[in-house]
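# Report on the structure
Residue strings, one per chain:
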Amino acid sequence: MSRYFRTYFPFAKSKILELFQYRMNVVLWFIAEGLFMFVYFFLWKAIYETPGNPVMIKGFTMEDMLIYILLAHIIGFLTFDNISYQIGFDIKEGKIANYLIKPISYRVTLLFISLGTFLGYLMVLLIPNLIVLFTMNKFYNLGFTVKLSDIAIAFALLILAKVTQFMFKVFIGLFSFKLTEIHGLIWLMDSLTHFLTGSLIPIALFPDLLKQITIYLPFAGLIYTPAMIVLGKLPVEALYSAFIIQFIWLIIFTIAVELLWNRMIKRLVILGG
Amino acid sequence: MIKVKNLTKEFVKYEKEKGLKGMLKAFFNAKKVIKKAVDDISFDIKEGEIIGYIGANGAGKSTTIKMLTGILHPTSGQILIDGLDPVTNRIANAKNIGVVFGQRTVLWWDLPLQESFSILKEIYEISDADFEERMEFFNDILEIDSFIKSPVRTLSLGQRMRADIAASLLHNPKILYLDEPTIGLDVMAKEKMRDAIRTMNQKFNTTVVLTTHDLDDIEELCERILMIDEGKIIFDGPLEDIKKSFGNYKTIRFHLKEKGFEDIDFGQELASAIDFQINDDIAIVKVDRNKTTVTEVIKFVLDKITISDIDISDIDIEEVVKKIYQKGEL
């Protein structure tokens, strides 16, 4: 196990080094996405403050909603991963050859690259994110308090969801063996999951049928459920089922990736060079 | 060391017709075309040999190398590398091989060069002592110390290639695959690359498979040549054999000052020994040295016409391949 870690951790490390090498890029991206966060924040604030609108929408007070928006965006920042692009790029440009000539597994390598991305963003962005969260909390009197046990549970679910997300993204990425150019597919999947993770609006606000379906999909565990845990708004039964659903999806995607990889690697074509 | 039997690789290509209409048509119903990149080839390579694997662009060289290294899966046929099948035992096989692709780098593009080496050290489980010793060795022959702290993307092509070959040799592989390692390099850099390859071969008896378009690489390094064209091996033997048949050609380029080259009467004997074509103000003359000499031809031409400059060159490898292919075999 430690041997395993020693072999592959350099890939995570090199990703972290890369992020630090181009940290200005990360900061600019953070600012750009942060602007969207403020747009949503003030949009919801305006909706709640419009005279005649209810004080509570489907169990969310204005304060709940604003905290949810902040949390959802922060989790979104920290779990950002573009591993599908990496796979698409590796295959289209033939860079996958670099991995295949080494005594390493490409899929495990990807996992560690993804881990590096996660740790890198955590190091660069966690503190600025927390500063934004607590400043807004204080300034707008949102009354958000941290409960460490909730944070720990949310984090555990988040890790499980993150690995599931990784497997899902590898699954999508592997289609570039067949399609060569997968930007379109990635965009489609990103906009779908963006909505289904609850990062635009809480899943609790979805119409009933859609809500029922979404809860059983693998995406809610990435943003909606952890945010709800931290907000203290998730019933205990829902918490257990969230873990179980997430785990089942992880197994499904792992098997899917295995099958797809074994099929696709045979059709690898690298032209020129 | 390397045993290849009836190796074939087919690619499926989707052919598109011209223009927007063709693209639309292909989007719904593309025509499938099967292309044999490597067609039923067999060869054996012994330990410690340096093989020149040559052929024109698109002949199937790189595809063969990619199958030998385990990157591509053969459509049919067998490969055994030191007793291992590179497809089913890719990871075990990868420990024994070093690979340099001239056109791409195995180094970490955005990181300082030394980071790439320390990452490779971990991947190949190289001990500290071995690592130190080998880095010193590479520094002696490839002089990489001067740019080891620079990010790879800032290196010149020559520096990057030297770093790449050092990276491929770091774990002291039994077999080294070099796919056009001297492409685009200047004379000095080429010399350093060849030195490194020769030294490794002599010191560790490393088997080397080298593809190149540079006849000098072959002449300086390889005793044996494998030649491939349109996916088939068309020649397998010592360099001497090729030289005997084709090394006796030279090309002379006359830079003409006046018109009228085509009207020169070479006489029957000389005309049968040369072959020429004229591009603008340059006349390219191919001389068969079995029948005449280069000086003879130059002297003859200088007598008839005013020339501003002359270069003489050996026939290049693509030309040789073309000639061999036209004749069928040697």
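You'll find the structure just up there.
This one's a predicted model, so the numbers in the text were calculated from it and none came from an experiment.

So, how was this worked out
Residues numbered from 1 in each chain as written. Chains lettered and ligands numbered in written order. Predicted model: local features only at pLDDT ≥ 70, side-chain atom pairs only at ≥ 80, totals over all residues. Contact = placed C-beta atoms within 7 Å. Helix = DSSP H or I, 4+ residues; strand = E, 2+ residues; numbered from the N terminus. Expected span 1.5 Å × (residues − 1). Buried ≥ 20, exposed ≤ 12 C-beta atoms within 10 Å, placed from the backbone. Pairing = 2+ DSSP bridges. Axes fitted to C-alpha atoms, helices over the stretch in contact; angles between N-to-C directions. Parallel < 35°, antiparallel > 145°, perpendicular 65-115°, else oblique. Left-handed = near helix turned anticlockwise from the far one by under 90°. Nonpolar A, V, L, I, M, F, W, Y, C, P; charged D, E, K, R; others polar. Right-handed = clockwise from strand over helix to strand, strands pointing away.

With that settled, the discussion passes to the interface of chain B and chain A. The interface is formed by 26 residues belonging to chain B together with 22 residues belonging to chain A. No other element matches helix H4 (residues 113-123) of chain B, which puts 4 residues into the side of chain B that touches chain A.

Residue and element names in this part refer to chain A. Taking 1.5 Å of rise per residue, 34 residues should cover 50 Å, and helix H6 (residues 106-139) covers 47 Å from first to last C-alpha, within 8% of that figure. Along H6, the positions that sit buried rather than exposed are Leu 110, Phe 112, Ile 113, Ser 114, Leu 115, Gly 116, Thr 117, Phe 118, Gly 120, Tyr 121, Leu 125 and Asn 129. Turning to H6, the residues buried within the fold contact helix H1 (2-21), helix H2 (23-49), helix H3 (62-78), helix H4 (83-92) and helix H7 (148-173). A positive phi of about 55° marks Asn 141, the residue just after H6.

A separate point is the sheet that holds strand E12 (residues 282-288) of chain B. Residue and element names in this part refer to chain B. Ordered in space as E11-E12-E10-E13, the 4 strands form an open sheet in which the pairing is antiparallel. Two strands in the sheet have a free side with no partner beyond their single neighbour: strand E11 (274-279) and strand E13 (307-314). Going from strand to strand, the sheet's axes swing by 20° on average, the running direction of each strand aside. By the bridge criterion, 7 bridges tie strand E10 (residues 249-256) to E12 in an arrangement that is antiparallel. Bridge assignment links Arg 253 to a residue of E12, and that residue is Ile 284.

All names here are of chain B. Ordered by their spatial adjacency, 6 strands build an open sheet running E5-E6-E7-E3-E8-E9, and the pairing between neighbours is mixed. The open sheet has two edge strands with one neighbour each: strand E5 (97-101) and strand E9 (232-238). Sheet twist, expressed as the average angle between the axes of neighbouring strands with direction ignored, equals 15°. When strand E3 (residues 50-54) meets strand E8 (residues 224-229), the two strands line up parallel, connected through 4 bridges.

So, on to the packing of H4(A) against H7(A). Residue and element names in this part refer to chain A. Running from amino to carboxyl end, H4 crosses H7 at an angle of 30°, the nearest separation of the two axes being 8 Å. By the angle between their axes, H4 is roughly parallel relative to H7. Where H4 crosses over H7, the two elements pack in a sense that is right-handed. Taking contact as the criterion, the partners of Ile 83, Ser 84, Ile 87 and Gly 88 in H4 are, on H7, Phe 166, Lys 169, Val 170, Ile 172 and Gly 173. Among the residues forming the contact of H4 with H7, the class breakdown is 5 nonpolar, 3 polar and 1 charged.

Peptide bonds are trans in most cases, and residues, glycine excluded, mostly fall at negative phi. Residues and elements named next belong to chain B. Although it is not a glycine, Glu 125 sits at a positive phi angle of roughly 55°. Structurally, the position occupied by Glu 125 is in the loop between H4 and helix H5 (128-142). Since 13 C-beta atoms lie within 10 Å of it, Glu 125 is described here as partly exposed.

Next up on the list: the packing of H6(A) against H7(A). Residue and element names in this part refer to chain A. Packing of H6 against H7 brings their axes to within 11 Å, and their N-to-C directions diverge by 130°. When the axis of H6 is compared with that of H7, the two are oblique. Classified by chirality, the crossing of H7 by H6 is right-handed. Counting all contacts with H6, which are made through Arg 107, Leu 110, Leu 111, Ser 114 and Phe 118, the residues of H7 involved are Lys 162, Phe 166 and Val 170. In terms of residue class, the contact of H6 with H7 is made up of 5 nonpolar, 1 polar and 2 charged.

What follows covers the environment of A:Tyr240. When you line up the elements, A:Tyr240 lands in helix H12 (residues 236-264). Spatially, the C-alpha atom of A:Tyr240 lies 40 Å from that of A:Met24, the residues being 216 residues apart in sequence.

All right, on to H5(B) then. In this model, H5(B) (15 residues) spans 20 Å end to end at C-alpha, consistent with the 21 Å of a helix rising 1.5 Å per residue. In the stretch just after H5(B), B:Glu143 is the one whose phi turns positive, near 50°.

All names here are of chain B. Most of strand E7 (residues 207-211) sits out of view: 5 of its 5 residues are buried. Here E7 shows a buried face lined by Thr 207, Val 209 and Thr 211 and a second buried face lined by Val 208 and Leu 210. The pairing of strand E6 (residues 175-179) with E7 spans 5 bridges and is parallel. Note on E7: the bridge partner recorded for Ile 175 is Thr 207. Following the backbone out of E6, through helix H7 (residues 187-204) and into the adjacent parallel E7, one traces a crossover that is right-handed.

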